[in-house]
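# Observations on the model geometry
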Amino acid sequence: MMDIESLLKQGMEPKKLRKRPSGRTKWLSYVWPIKVKTVESSVSGELEVTAWRGKYILDTGKVNYSFGELHKIMDTTLRWLSKEGCKFQKVLMLGYGGGSAAEIIHQEYERDAEIIGIDLDGAILELAKDFFYHQGVRLMKENAENYIHRASKNGWVYDLVLVDLFVDAEVPSFVWEERNLAIWRSLIETGGWLAINTMMGKNDASPYIEALKTKFSRVETITKHRGNCVILCRC
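Cut-offs and rules
Think of each chain on its own: its residues are numbered from 1, step by step along the sequence as written. This being a predicted model, a pLDDT of at least 70 is required before a residue's local features are given, and a value of 80 or more before pairs of side-chain atoms are given or counted; all residues contribute to the totals for chains, interfaces and linings. As a rule here, side-chain values cover all heavy atoms of the structure and leave hydrogens and water aside. At least two bridges found by DSSP between two strands are what make those strands a pair. For the purposes of this entry, the term helix denotes a DSSP run of H or I that reaches at least four residues, the term strand denotes a run of E that reaches at least two, and both are numbered from the N terminus. Where helices are involved, their axes are fitted lines through C-alpha atoms of the stretch in contact, as for all axes, and angles between N-to-C directions lie from 0 to 180°. The labels follow the angle: roughly parallel below 35 degrees, roughly antiparallel above 145, roughly perpendicular from 65 to 115, and oblique for the rest. Crossings are assigned a handedness: left-handed for a near helix turned anticlockwise from the far helix by less than a right angle, right-handed for a clockwise turn. Contacts: residue pairs with any heavy atoms within 4.5 Å of one another. Throughout, the ten residues Ala, Val, Leu, Ile, Met, Phe, Trp, Tyr, Cys and Pro are labelled nonpolar, Asp, Glu, Lys and Arg are labelled charged, and all others, Gly among them, are labelled polar. Classification of residues uses two cut-offs on accessible area relative to the type maximum, computed with a 1.4 Å probe and protein chains only: under 20% is buried, over 50% is exposed, and between them is partly exposed.

### Describing the pairing of strand E2 (residues 45-52)
For strand E1 (residues 34-41) and E2, the ladder comprises seven bridges, and the chain directions are antiparallel. Within E2, the position partnered with Val-39 by the bridge is Leu-47. The hairpin formed by E1 and E2 contains three residues between the paired strands. Here E2 runs beside strand E3 (residues 55-59); their pairing, made up of five bridges, is antiparallel. Paired with Trp-52 across the bridge in E3 is Lys-55. Following E2, the chain reverses through two residues before pairing antiparallel with E3; Arg-53 in that reversal takes a positive phi of roughly 55°.

Structure (structure tokens):
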């Protein structure tokens, strides 16, 4: 891991950080949350960009999409994967949101990572470009299930497939379907990882964990964040 100061000393330009509030908005955001923009999405309903404590946060009425609690979950998950030797050279993100995980990977683990961000909601992708993180990421407005089938058919593989897909607070059912378990396996490079954020406790996630064990050589969980289990599967 290299910090920005180290990169500069070596003559390497660090990846650009996400946009942050400035001026009065920035300072007032340390006092109370400031609503910056609200967008009505046909996919996700009302999307809200809020300035809070010097940064932008993306939320719906029920779910934090980026740079709030989700950022902490992604940071914990990626740190764990890094310790396990995950390469981060080619990464597929399903449910891109505002790009929390992409920024962490570029800034802390692999500055030249090739990241593909898939999201069905075009409104979210536009907000990512306007307020959050998209530098060095190939963003695609596409149905995630359609994409994984196309990727599998074409033999595309990744060091990490990060699944952060939700309909409100529920993981879409296709993620767990028997016919798709082999698809997930086919997308992972040897020694690579599949990471699924569930927004459910480990007990509730246990049937899915057992199903994934039939396809992957190693399945682990992260339960550091209360009420949320991240499932990690290695090929």
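Text resumes after the structure shown.
### Things to note about the packing of helix H6 (residues 144-154) against helix H7 (residues 178-186)
Between H6 and H7, whose axes approach to 9 Å, the crossing angle comes to 60°. Comparing the axis directions of H6 and H7 gives the class oblique. H7 is crossed by H6, and the crossing has left-handed handedness. In this structure, H6 contributes Glu-145, Ile-148, His-149 and Ser-152 to the contact, and H7 contributes Arg-179, Asn-180, Ile-183, Trp-184 and Ser-186. Considering only residue class, the contact of H6 with H7 consists of three nonpolar, four polar and two charged.

### Quick word on unusual backbone geometry
One non-glycine residue, Arg-53, lies in positive phi territory at about 55°. Topologically, Arg-53 is positioned in the loop between E2 and E3. Since its relative accessible area comes to 52%, Arg-53 is described here as exposed.

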